[in-house]
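Notes for the structure review
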Protein chains: 2
Amino acid sequence: MGGRKVRFGILGCAGIAEKLVRAMLMLPEQVQITAVGSRSLGKAQAFAARNKLPADVKLYESYDAVLDDGEVDAVYLPLPTGLHLEWVTKAAEKGKHVLLEKPVAPTVEELDEFLAVVERNQLQFMDGTMFMHHPRTAQMQQVLRNSQVVGELREVIAVFITDLGVPTGWTSDIRGQPHLDGLGCLGDIGWYCIRLILWAYDFEMPHTVTAHSGSKLSDTGVLTVCGATFEWKDGRIGTMRTSFLGDMVMKGICAGSKGTLEIDDFVIPKKEDLASYRVKEATVWEDRSIGWGSREEVHQVKTSLPQEALMVQEFSRLVSNILDGGVPEPVWVTVARKTQILLNAVKSSIESNCNTITL
Amino acid sequence: MGGRKVRFGILGCAGIAEKLVRAMLMLPEQVQITAVGSRSLGKAQAFAARNKLPADVKLYESYDAVLDDGEVDAVYLPLPTGLHLEWVTKAAEKGKHVLLEKPVAPTVEELDEFLAVVERNQLQFMDGTMFMHHPRTAQMQQVLRNSQVVGELREVIAVFITDLGVPTGWTSDIRGQPHLDGLGCLGDIGWYCIRLILWAYDFEMPHTVTAHSGSKLSDTGVLTVCGATFEWKDGRIGTMRTSFLGDMVMKGICAGSKGTLEIDDFVIPKKEDLASYRVKEATVWEDRSIGWGSREEVHQVKTSLPQEALMVQEFSRLVSNILDGGVPEPVWVTVARKTQILLNAVKSSIESNCNTITL
C-alpha cells in the first residue's frame, strides 16, 4: 500500500465500533488506533479492555478531546444519526477525515451542512456501508455490466428484514429513539436496500420515489416496517422492503432481460471469508410449458479480509494519499448523498400518504 | 377414487389446452375426453392429431356443438378472458361443469355474472391455477401453519417475470390484445402472485391495495410491467411484482417472525415430478455481527402426477361427486372471486395514479 499509517480516533463506544476496531487491528501496516473517546472514561476503559486495544491507545472522557488530539488523522464516528451534524462538523473543523456510520444524516439538509465543512477542509469522507468494499460486490458489478449475462437490468428488488426485538428491549436501542435515530428501519436497514438498488443501476438516480402503503411505527414513533418503489424514466424499477419485525431476510434480486443475479446476504455475508451469489440465465421452457430450466451457477468469492476491514483499508488509503499531498476522492460523498436523497424521499412519501415524489 | 368417469369437452385449441389434454390422458380412470370444439374443423383435427387424441373423440367446428353434446359433463375453457362471460354462461346454461383458465374474467362484475349462472345450475367451477394442486403447496401450507417454524407470517413477496417477447411477436399473442386479454401481465402472471399471497395468508382479504408506480403498457395498450402492495389491517404485507420484459423469475418469499419459506418456481415447478422449497429459520448473529447463520433446509416433494393432472383429477372428483347426487364444492368460486377482486383493485389503483383502494 505504501504511504503513511493513518492514526484513528474513535468517537463513542457503540456496539458497531467493536466490529470496526477489530477490523482496524487487522490492518497493522495501514492503521493505528490512537484514541478512543466516550462520554465516560469508564466506558472507554471497558471498551479498550474488551477489544484488547494496545496500551498506548489514549482513552478520553469526551469526544472533543479526541478531536483536539493532534496525533489523530481521522475519526470513525459511530454516534447516533441525530448527533452526526454536531460531531462531523466539529471533527471536520479540526481537520479530521471522517469515516461515518450510516444512515449518515436525518435529512439531506443536515448532510449537506456537514459535508460542506468536510469539503471546505479538503477532507476524506466515507460512509460505513461495508458491503461496497467486499470483492463480491466488485465481481457482481462485472456480471451486471456484461451485457451477455443479465442483459438489460430491469427490476432490482432489495429486502432486508431483521428481528430487532420490537417491542421487547426496544427502548434500550438507539434505533427506537426518534431524537437519536429517527429514521427507524428506513435508515438502519433501508439504507442498504437503497444503496444496493442505486449500485445495481450504476448510481443513476431514479425519476420518482413512492412509498408502499402499510408502513408501521413503533410506539416510540420510528418506522419498523416500510417499503418503496423507485422508478427510472426508461422504466427500470427498484423495489425495497424493510422490517424490524421478522427473522432475517437479506436478499437482493437483480433481474434483467437475459438473466438474474441473486444474493441471500448482501449486507453482511453469512461467512466472513467466503461469500456467494447466484446467476441464472437463458431460461428455456419445456414443450407445452410442463417445466423449465435455466443455466444456473453459484459463484463463491473468497476474501482474506472481512468487508469492514477492506472498507477501513480503502478509507485509510485515501486518507494516506491526502496526507501525502493528494486530494479527497469525491465518490463517497456522491454515493452517500444519493442514498440520503432517496432515503428522505421515501420518508417524505410515507409522510404524505404515499404520494409519488418526483426528483 | 370411485364414481363416474367425467366426460370432458374442450372449448378451443389454445396452447395451454395441449398441456391440459396431456394431463387428462394421464387420468384414464377418471377422465374421458369426449369432444373438442374449435372455430375451424381443421384446427380441431390438427389439435387431435398433435395431441394423439383417441379416435372416438368428437371434433366439432364450433364451441356450441360441444355444449349441445349430451355426452359432455364438463368443459375445459381455455378461451381468451374476454370471451369467458359468453362461453361460461352458455356452458352453464347447458348444464356443463366448468374448468376455466385464468384470469377468470376481465372484471369482478363479469365474473359475478357468469358465476351466478354456474351456481344457479348447481355446477362445479374451478379456475385453472395449477399450483394450488401440487402436493408441495399442501406441504408448504402445513409449514406456514406450524407456529414453530415461520411463526407469524408478516411479509409475502411474489415475483413473476417472464419474457413474452415484447414487442417482437407481440401482436400474435392474445395477451397483447386488449379486447381478448386486457389485463396483460397483471392477469396472466399477476393472477398467480395474488393467489400465492392470498394463499399464504389463508385467503383472508387485505384491507388496502395500492399499485406501485412505474406500470408499463405495451403499444397495444395492455400492461407489461406492474406491481402492488397489499396491506392487512394487522400490518401484514403482500408485495407483488410482475413483468413480461425479463428472463424468468418465479419467486415466492413468505417471511415470518421466526423464519422464511422460499420457492423459486411457485407457479410451474421446474421439474414435473420433483419440486422443492426452502425453509430458513432461527437466525443467529455471530459476536460483533461479523456473520450470521440460520437453520436452512431444502425440502423436496415428489409427485407421480404433474400439478395440472392433479388439478383435473380434483375437478373431476368434485364433478363425479355431483353426478352421483352431491353438491358443488364452493371453495373454488370463493378463491377465484377473491383473486379477481384483488386483481381488479390493482388495476383500479393503476388507473387512478396509484391511489390506495380500500376494500
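As a convention, each chain's residues are numbered from 1 in the sequence order in which they are written. The order in which chains are written sets their letters, starting at A; the order in which ligands are written sets their numbers, starting at 1. Thresholds applied to this predicted model are a pLDDT of at least 70 for local features of residues and 80 or more for the giving and counting of side-chain atom pairs; totals over whole chains, interfaces and linings are not thresholded and use all residues. Note: side-chain values were computed over all heavy atoms of the structure, leaving out hydrogens and water.

The subject of this paragraph is the interface of chain B and chain A. By definition, residues are in contact when any of their heavy atoms lie within 4.5 Å. Listed as interface residues are 62 residues of chain B and, on the opposing side, 62 residues of chain A. Considering only the side of chain B, the residues that lose the most area to chain A are Asp247(B), Arg288(B) and Trp292(B), jointly responsible for 17% of the buried surface there. Definition used for salt bridges: Asp or Glu carboxyl oxygen within 4 Å of a side-chain nitrogen of Lys or Arg. At the boundary of chain B with chain A, the tally comes to 10 salt bridges. The closest approach of N and O atoms between Lys280(B) and Asp247(A), which form a salt bridge, is 3.1 Å. Within 3.5 Å is the distance limit for a polar contact, defined as a pair of N or O atoms, with the added protein rule that one can donate a hydrogen and the other accept it, and that residues adjacent in sequence qualify only through two side-chain atoms. At the junction of chain B and chain A, the tally comes to 31 residue pairs in polar contact (both at pLDDT 80 or more). Note on terms: buried area is the combined drop in 1.4 Å-probe accessible area of two parts once they are placed together, counting the loss on both.

The next subject is the pattern of salt bridges. Within this structure, the stated rule accounts for 60 salt bridges over all chains. Across the salt bridge formed by Lys58(B) and Glu71(B), the nearest N and O atoms sit 2.6 Å from each other. Placement of Lys58(B) in strand E3 (residues 58-60) and of Glu71(B) in the loop between helix H3 (63-68) and strand E4 (74-77) is noted, with a sequence separation of 13 residues between them. If you follow the salt bridges from partner to partner, you end up with Lys251(A), Glu262(A), Asp264(A), Arg278(A), Lys251(B), Glu262(B), Asp264(B) and Arg278(B) in one network. In this description a helix means any DSSP run of H or I spanning at least four residues, a strand means any run of E spanning at least two, and both kinds are numbered starting from the N terminus.

Take the sheet that holds strand E5 (residues 97-100) of chain A next. All names here are of chain A. Reading across the sheet, the six strands line up as E3-E2-E1-E4-E5-E6 and stay open at both edges, with parallel pairing between neighbours. One side of each edge strand has no neighbouring strand; the edge strands of this open sheet are strand E3 (58-60) and strand E6 (125-127). In this sheet, neighbouring strand axes are inclined to one another by 20° on average, regardless of whether the strands run parallel or antiparallel. Pairing between strands is defined by DSSP: at least two bridges between the two strands are required. The sheet contact formed by E5 and E6 spans three bridges and is parallel. Paired with Leu 100 across the two strands is Asp 127, which belongs to E6. As a rule, the C-alpha atoms of each element are fitted with a line to give its axis, helices using only the stretch in contact, and angles between N-to-C directions run from 0 to 180 degrees.

A separate point is the sheet that holds strand E5 (residues 97-100) of chain B. Residues and elements named next belong to chain B. If you walk across this open sheet you meet the six strands as E3-E2-E1-E4-E5-E6, and the pairing is parallel. Strand pairing shows two members of the sheet lacking a second neighbour, E3 and strand E6 (125-127), which therefore form its edges. Across the sheet, the axes of successive neighbouring strands diverge by a mean angle of 20°, strand direction being ignored. Here four bridges tie E4 to E5, and the two strands are oriented parallel to one another. Directly across from Ala 74, in E5, lies its bridge partner His 97. Against the sheet, helix H10 (residues 307-323) makes contact with strand E1 (6-11), strand E2 (31-37), E4, E5 and E6, and its axis sits at roughly 165° relative to E5, the strand it touches most.

With an RMSD of 0.0 Å, the fit of chain B onto chain A corresponds to turning through 180° and sliding 0.0 Å along the axis. With respect to symmetry, the two chain copies, as superposed, fit the operation of a two-fold axis. The rotation axis passes nearest to the C-alpha of His212(B) in chain B, at a distance of 3.7 Å. Here 100% of the contact residues of chain B are again contact residues in chain A; the copies associate through an equivalent surface. Each copy is superposed on the other by least squares, with the fit set by C-alpha atoms of residues at a pLDDT of at least 70 in both.

Let us now look at the UniProt feature "domain: Gfo/Idh/MocA-like oxidoreductase N-terminal" (unreviewed entry) in chain A. Annotation from UniProt places "domain: Gfo/Idh/MocA-like oxidoreductase N-terminal" (unreviewed entry) at residues 6-126 of chain A. Split by type, residues 6-126 of chain A is 41% helix and 21% strand. Its first and last C-alpha atoms lie 15 Å apart. UniProt positions are given in the numbering used here, feature names are shortened, and annotations may be inferred rather than shown by experiment.

Residue and element names in this part refer to chain A. Geometrically, the link from Lys 102 to Pro 103 is a cis peptide bond, its omega value of -5° lying close to zero. Within the fold, Pro 103 resides in the loop between E5 and helix H5 (108-120). Positive phi is not limited to glycine here, since Ala 282 has a value of about 55°. For Ala 282, the position within the fold is in strand E14 (residues 274-285). The residue Arg 288 is not glycine, and still its phi comes out positive at about 60°. Secondary-structure assignment places Arg 288 in the loop between E14 and strand E15 (292-302). Residue Arg 288 is classed as partly exposed on the basis of its relative accessible area of 23%. To sort residues, take the accessible area from a 1.4 Å probe on protein chains only and compare it with the maximum for the residue type: under 20% means buried, over 50% means exposed, and anything in between is partly exposed.

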